[in-house]
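Reading the structure
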Amino acid sequence: MIERLWAKFGKSSLQPEGPDAIENVPEHVAIIMDGNGRWAKTRGLPRMAGHHSGMKAVKRVTMEADRLGIKYLTLYAFSTENWKRPKAEVDFLMKLPQQFLEIELEELIANNVQVRMMGHKEDLPSYTLSAVEEAIAKTSDNTGLVLNFALNYGSRKEMLGAVKSIAADVRDGRLALEDIDDTIMADRLLTSGIPDPDLLIRTSGELRLSNFMMWQLAYSELWFTDVYWPEFTETHLQQAILEYQRRARRYGGL
Ligand code: V07
């Protein structure tokens, strides 16, 4: 592992940071991939070109996360609010999972990556859902990086689902009111079994959570960049992680 990180980060760039730079790799990184439309606009391209280019960034960042030893990478691909966009854009976006997987699934499998999805499956077109479910099934025995796509995901909807399920258990006598705690709640969220993100990255200069993992991000480090998602590279992920590690060292000193 250490050799792998030396090789990828480059010894010289790591050494000044000390051993912390190779220990203390965040286990779970979550990303709000913002700025695809704005990236396209600055180039006089249609928004769709930005989304397409954003897909390339997904590939780059997934491979880099794997190499760095990150265990879980959660990417906000489509929110419950995104249905309000123009129909042509929604239709285009709903074709991206299938397109992405047609191109990348083979290499993800070769790299032992597990594909997962977090979100509300009901409203997804059948071609979107079946492409994703096929990828999940084909990678379910893999033991490497968990690549978790938030697709038709919304944190309030997720928490309401958890609350309703807890309330039904209390009503039907399966659970006592006094026994409701953090663990009971966390177990009923879509991230059940996955540790909370250590680090949240949001691109494109917006400084909001936008209904993303509001329970799970309670103690996470937040890292923002003005870079548009299609321009996000391996180097930006490294920067975010080095900053995460710098913060961890500072708290360690207290
Ligand atoms: C989408 C590209 C990345 C920037 C953000 C918006 C556009 C990859 C996927 C995907 C989802 C599920 C899956 C495999 C790939 C995706 C949507 C949008 C809706 F199993 N990128 N990407 N899905 N964009």
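Below is a short write-up of the structure. (Residues numbered from 1 in each chain as written. Predicted model: local features only at pLDDT ≥ 70, side-chain atom pairs only at ≥ 80, totals over all residues. Heavy atoms only, no water.)

**Remarks on the packing of helix H5 (residues 87-110) against helix H6 (residues 126-139)**
- Where H5 meets H6, the closest approach of the two axes is 9 Å, and the angle between their N-to-C directions is 20 degrees. By the angle between their axes, H5 is roughly parallel relative to H6. Both H5 and H6 take part in a crossing whose hand is left-handed. Residues Asp91, Met94, Lys95, Pro97, Gln98, Leu101, Leu105 and Ile109 of H5 form the contact with H6, whose participating residues are Tyr127, Thr128, Ala131, Val132, Ala135, Lys138 and Thr139.
- Tallied by class, residues from the contact of H5 with H6 come to nine nonpolar, three polar and three charged. (Axes fitted to C-alpha atoms, helices over the stretch in contact; angles between N-to-C directions. Helix = DSSP H or I, 4+ residues; strand = E, 2+ residues; numbered from the N terminus. Parallel < 35°, antiparallel > 145°, perpendicular 65-115°, else oblique. Left-handed = near helix turned anticlockwise from the far one by under 90°. Contact = heavy atoms within 4.5 Å. Nonpolar A, V, L, I, M, F, W, Y, C, P; charged D, E, K, R; others polar.)

**So, the packing of helix H4 (residues 47-68) against H5**
- Relative orientation of the contacting elements H4 and H5 amounts to 30 degrees, with a least axis distance of 10 Å. Relative to H5, the element H4 lies roughly parallel. Relative to H5, H4 is oriented so that their crossing is right-handed. Together, Arg47, Met48, His51, His52, Met55, Val58, Lys59, Thr62 and Met63 of H4 and Ala88, Glu89, Phe92, Leu93, Leu96, Gln99, Phe100, Glu104, Glu107 and Leu108 of H5 make up the contact between the two elements.

**Section: the pattern of salt bridges**
- Scanning all chains against the criterion turns up 20 salt bridges.
- The salt bridge partner of Lys59 is Glu107, with a shortest N-O separation of 3.1 Å. You can see Lys59 sitting in helix H4 and its partner Glu107 sitting in helix H5, a full 48 residues away along the chain.
- Here Glu107 falls in the partly exposed class, since its relative accessible area comes to 35%.
- The shortest N-O distance in the salt bridge between Arg174 and Asp172 comes to 3.4 Å.
- Here the residues in one salt-bridge network are Asp34, Arg38, Arg202, Glu206 and Arg208, joined through shared partners. (Salt bridge = Lys/Arg side-chain N within 4 Å of Asp/Glu carboxyl O. Buried < 20%, exposed > 50% of the residue type's maximum accessible area, 1.4 Å probe, protein only.)

**A closer look at the sheet that holds strand E3 (residues 114-118)**
- Taken together, the six strands give an open sheet; going across it, the order is E3-E4-E2-E1-E5-E6, and neighbouring strands pair in parallel fashion. Edge strands, defined here as strands with exactly one partner in the open sheet, are E3 and strand E6 (221-224). Sheet twist, expressed as the average angle between the axes of neighbouring strands with direction ignored, equals 20 degrees.
- Relative to E6, strand E5 (residues 199-202) runs parallel, the two being bridged by four bridges. Looking across to E6, one finds that Arg202 is bridged to Phe224.
- Against the sheet, H4 makes contact with strand E1 (28-32), strand E2 (72-79) and strand E4 (146-153), and its axis sits at roughly 160 degrees relative to E2, the strand it touches most.
- Strands in contact with helix H9 (residues 234-252) are E5 and E6; relative to E6, the strand with the most contacts, it is inclined by about 140 degrees. (Pairing = 2+ DSSP bridges.)

**Details of helix H7 (residues 155-171)**
- Between its first and last C-alpha, H7 extends 24 Å over 17 residues, near the 24 Å set by a 1.5 Å rise per residue.
- Turning to H7, its buried residues number three or more, namely Ser155, Glu158, Met159, Ala162, Ile166 and Asp169. Burial along H7 is one-sided: seen end-on, the buried residues are contained in an arc of 95 degrees. Away from its buried face, by an angle of more than 90 degrees, H7 presents the exposed residues Arg156, Leu160, Lys164 and Arg171.
- Positive phi appears at Gly173, one or two residues downstream of H7, with a value of about 80 degrees. (Expected span 1.5 Å × (residues − 1). Arc of directions from axis to C-beta.)

**Considerations on the layout of surface pockets**
- Counted as a void, the largest pocket has a volume near 740 Å³.
- Around the largest pocket, the lining is made up of 31 residues, and of these Met33, Asn36, Tyr76, Ala77 and Phe78 lie nearest the centre.
- When residues of the lining of the largest pocket are traced back to their parent elements, those giving at least two are helix H3 (36-42), H4, E2, H5 and E4.
- Looking at the lining of the largest pocket, its residues break down into 17 nonpolar, eight polar and six charged. (1 Å grid on protein atoms, 1.4 Å probe; cavity = no way out; pocket = protein on both sides within 12 Å on 5 of 7 lines; lining within 4 Å. Points joined across faces, edges and corners; volume = space filled by probe spheres on them.)

**Some thoughts on unusual backbone geometry**
- In this model, Asn152 sits at a positive phi of 55 degrees, which is unusual for a non-glycine residue.
- Along the polypeptide, Asn152 turns up in strand E4.
- Unusually for a residue other than glycine, Asn211 sits at a positive phi of about 65 degrees.
- Along the chain, Asn211 falls in the loop between E5 and E6.

**Let's talk about the pairing of E3**
- For E3, the buried fraction is high: four of the five residues fall into the buried class.
- By the bridge criterion, five bridges tie E3 to E4 in an arrangement that is parallel. Its bridge partner being in E4, Gln114 is matched across the sheet by Val146.
- You can see the chain leave E3, run along H6 and come back into E4, and the turn it takes is left-handed. (Right-handed = clockwise from strand over helix to strand, strands pointing away.)

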